[in-house]
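# What the coordinates show
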Amino acid sequence: MRVCVQAEPFDLGAESNAFAAGVAGAGAVVTFTGLVRDNGGALAAMEIEHYPGMTEKAIAAMVEQAMARWSLADALVIHRYGQLAGRDPIMMVATASRHRADAFAAAEFLMDYLKSRAPFWKKELSAEGAEWVAARDEDEAALKRW
Amino acid sequence: MRVCVQAEPFDLGAESNAFAAGVAGAGAVVTFTGLVRDNGGALAAMEIEHYPGMTEKAIAAMVEQAMARWSLADALVIHRYGQLAGRDPIMMVATASRHRADAFAAAEFLMDYLKSRAPFWKKELSAEGAEWVAARDEDEAALKRW
Amino acid sequence: MMDVLYFAWVRERIGLPREKIDTQAATVMELIVELRGREERYEMAFGDLESLRVALDQELADFDAPLAGVREVAFFPPMTGG
Amino acid sequence: MMDVLYFAWVRERIGLPREKIDTQAATVMELIVELRGREERYEMAFGDLESLRVALDQELADFDAPLAGVREVAFFPPMTGG
């Protein structure tokens, strides 16, 4: 498993290929990527604040929980913080397993926990100014299924 | 949407990047990749037979069904046939949506249908000989949830 | 006259990928019974209906589907894509 | 003495990212009440408990959690990662 909390951009394609190359026994790889949304052509950017120290620990605990709960060959989480440009990948999760059900379930589980339990806060920057992204009730509700 | 049924290898990373670059309004991208499994170091290879004509039509119908059922910005299916080497990507699905639930559900739906309703047949080639891959009861059962 | 296609181990057991068949069979099941009666290799290919699937003009169908107007019938094992 | 950290709009309303606080508060809730009484900017930050979260030594906690032995308290809005 690998957890990266970083200011630097990452390349979704290169990370996907490297992850898939490392899981020799697995036939199924699932990735999720979160992108800065381009809101109707308005030049969007994003600033992400996080809680250094707690972030890494919280994510590592989620990944360990996922590895214990599903039969996974490997799991990866990359999450950026700081200044992001429009269309930049914000974060990605990758999971690998023998059969697809484990990789899908673990990726959804990790996303649900990252959304509401990892200490990141997004601020959207647009022509109208800066605004903290509000937490969605659906995201909190999604945790109940696990 | 794009459906490719091809003998040529494809690059998971390049396809993922190209797909993500094309979905300006979407914040969520899910990919699934199926790989030829490396069974305990035994040099595995695979031969995939398909039904030219029906394959493309069947997959296009599945993708259209997914686009109608979930709120998707885009969807992609690539599936190889012919001779594959060990560790080669066999196929991939990519889906993009505004919120993650749609992209995850559509990717799982497409995988369940591709597994049991697209006319492909896999033959595993190993040191012990060639053997047609048997359909799994779990794969047939997985269709019931949609 | 109808094109009949075989895939995967159905193709291997029968020994050819496709053939033209002149038949009066009204349904898929009648065609299967007719083919089974031909030679042992057909009996081997169509022996276990549980593991046989059929498509009519490139659409999945049931064994009791009518053949009227159908130009292409394909027999194959359960699909294993993905 | 305890490190108290603020993130996102909690940090912006209070106007600083962290401070050292000397307190006798026994629980998180007692600390919140004490801070609210200080100045209007704290009242603004801690006015709506529905949209406030707390971590004790980098673990999420409830408002009634005891502060005994805790070195680092962090207040922030609901998280919006992913």
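For the structure, see preceding data.
A brief report on the enclosed structure follows. Just so it is clear, the model here is predicted, and its values are computed rather than measured. (Residues numbered from 1 in each chain as written. Chains lettered and ligands numbered in written order. Predicted model: local features only at pLDDT ≥ 70, side-chain atom pairs only at ≥ 80, totals over all residues. Heavy atoms only, no water.)

## Here's the deal with the overall build of chain A
Scanning chain A from terminus to terminus reveals four helices and eight strands. Secondary structure elements in chain A, listed N-terminal to C-terminal, are β-α-β-β-α-β-β-β-α-β-β-α. Seen through its C-alpha atoms, chain A measures out along the principal axes to roughly 50 × 30 × 30 Å. When the 146 residues of chain A are sorted by exposure, 55% land in the buried category. Look at the contacts in chain A between residues 6 or more apart in sequence, and 76% of them connect residues 24 or more apart. When the accessible surface of chain A is totalled, it reaches about 5,800 Å², and 52% of it is carbon and sulfur. (Helix = DSSP H or I, 4+ residues; strand = E, 2+ residues; numbered from the N terminus. Buried < 20%, exposed > 50% of the residue type's maximum accessible area, 1.4 Å probe, protein only. Contact = heavy atoms within 4.5 Å. Areas by Shrake-Rupley, 256 points an atom, 1.4 Å probe, with all protein chains shown as cover.)

## Points about the overall build of chain C
What chain C contains, in helices and strands, is three helices and five strands. Listing every helix and strand of chain C by position from the N terminus yields β-α-β-α-α-β-β-β. Over its C-alpha trace chain C gives a radius of gyration of 12 Å, about what one expects of a compact globule, namely 12 Å for 82 residues. For chain C, the spread of C-alpha atoms along the three principal axes comes to 30 × 30 × 20 Å. The contacts of chain C with a sequence gap of at least 6 include a subset with a gap of at least 24, amounting to 46%. Total accessible area on chain C stands at roughly 4,100 Å², and carbon and sulfur atoms take up 48% of it. (Rg over C-alpha atoms; globule rule 2.2 N^0.38 Å.)

## Here we look at the relation of the copies chain A and chain B
Under the fitted operation, chain A is carried onto chain B by 0.0 Å of movement along the axis and a turn of 180°, and the coordinates agree to an RMSD of 0.0 Å. Interpreted geometrically, this transformation is the action of a two-fold axis. Identified as the residue of chain A closest to the rotation axis by C-alpha distance is G13(A), at 1.7 Å. Interface overlap between copies: 100% of the residues of chain A at the interface are likewise at the interface in chain B, consistent with a symmetric, same-surface contact. (Least-squares fit on C-alpha atoms with pLDDT ≥ 70 in both.)

## A short note on the nonpolar core
Nonpolar side chains in soluble globular proteins generally cluster together in the buried interior. In this structure, L114(A) and L114(B) are the most contacted members of the largest nonpolar core, which totals 66 residues. Every residue in contact with L114(B), bar those within four places of it in the chain, is listed here: I59(B), M62(B), V77(B), M91(B), V93(B), G81(C) and G82(C). (Core = buried A, V, L, I, M, F, W, Y, C linked by side-chain atoms within 4.5 Å.)

## Brief notes about the environment of M1(B)
All names here are of chain B. The residue M1 is located in the segment before β1 (2-6) in this model. When the C-alpha positions of M1 and L76 are compared, they lie 5.6 Å apart, and in sequence the two are 75 residues distant. Setting aside residues no more than four positions away along its own chain, M1 makes contact with A60, V63, E64, D74 and A75.

## Considerations on the packing of helix α2 (residues 54-69) of chain A against helix α3 (residues 100-117) of chain A
Residues and elements named next belong to chain A. Direction vectors running N to C along α2 and α3 enclose 155°, while the axes themselves pass 10 Å from each other. Overall, the two elements α2 and α3 adopt an arrangement that is roughly antiparallel. Read as a crossing pair, α2 and α3 show a hand that is right-handed. Touching A58, I59, M62, V63, Q65, A66 and R69 of α2 are A106, F109, L110, Y113, L114 and R117, all from α3. Per-class residue counts for the contact of α2 with α3 are ten nonpolar, one polar and two charged. (Axes fitted to C-alpha atoms, helices over the stretch in contact; angles between N-to-C directions. Parallel < 35°, antiparallel > 145°, perpendicular 65-115°, else oblique. Left-handed = near helix turned anticlockwise from the far one by under 90°. Nonpolar A, V, L, I, M, F, W, Y, C, P; charged D, E, K, R; others polar.)

## With respect to helix α3 (residues 100-117) of chain B
With 18 residues, α3(B) should cover 26 Å at 1.5 Å per step; its first-to-last C-alpha distance of 25 Å lies within 8% of that length. Burial runs high along α3(B): 15 of the 18 residues are buried. (Expected span 1.5 Å × (residues − 1).)

## So, the pairing of strand β3 (residues 45-50) of chain B
Sheet analysis places β3(B) next to strand β7 (residues 120-126) of chain B, joined by six bridges and oriented antiparallel. Residue pairing for β7(B): I48(B) is matched across the bridge by K122(B). (Pairing = 2+ DSSP bridges.)

## Re the interface of chain A and chain B
How big an interface is tends to be stated in terms of the accessible area lost upon association of its parts. Facing 35 residues of chain A, the contacting portion of chain B comprises 35 residues. Taking both sides of the interface into account, the surface hidden between chain A and chain B amounts to around 3,100 Å²; carbon and sulfur atoms contribute 48%. Among the residues chain A hides against chain B, the three largest losses belong to R37(A), R100(A) and F104(A). Together they make up 24% of the total. Linking chain A with chain B are four salt bridges. Residue R100(A) pairs with D112(B) through a salt bridge whose shortest N-O separation is 2.6 Å. Counting every contact that joins chain A to chain B gives 19 residue pairs in polar contact (both at pLDDT 80 or more). Listing elements by their share of the side of chain A that touches chain B, those giving two or more residues are α1 (12-21), β2 (28-35), α3 and α4 (137-142) of chain A. Residue composition of the side of chain A that touches chain B, by class: 14 nonpolar, ten polar and eleven charged. Pairing geometry for β2(A) and strand β2 (residues 28-35) of chain B, over seven bridges, is antiparallel. Within β2(B), the position partnered with V29(A) by the bridge is T33(B). (Buried area = accessible area lost by both parts, 1.4 Å probe. Salt bridge = Lys/Arg side-chain N within 4 Å of Asp/Glu carboxyl O. Polar contact = N/O pair within 3.5 Å; in protein donor to acceptor, adjacent residues only side chain to side chain.)

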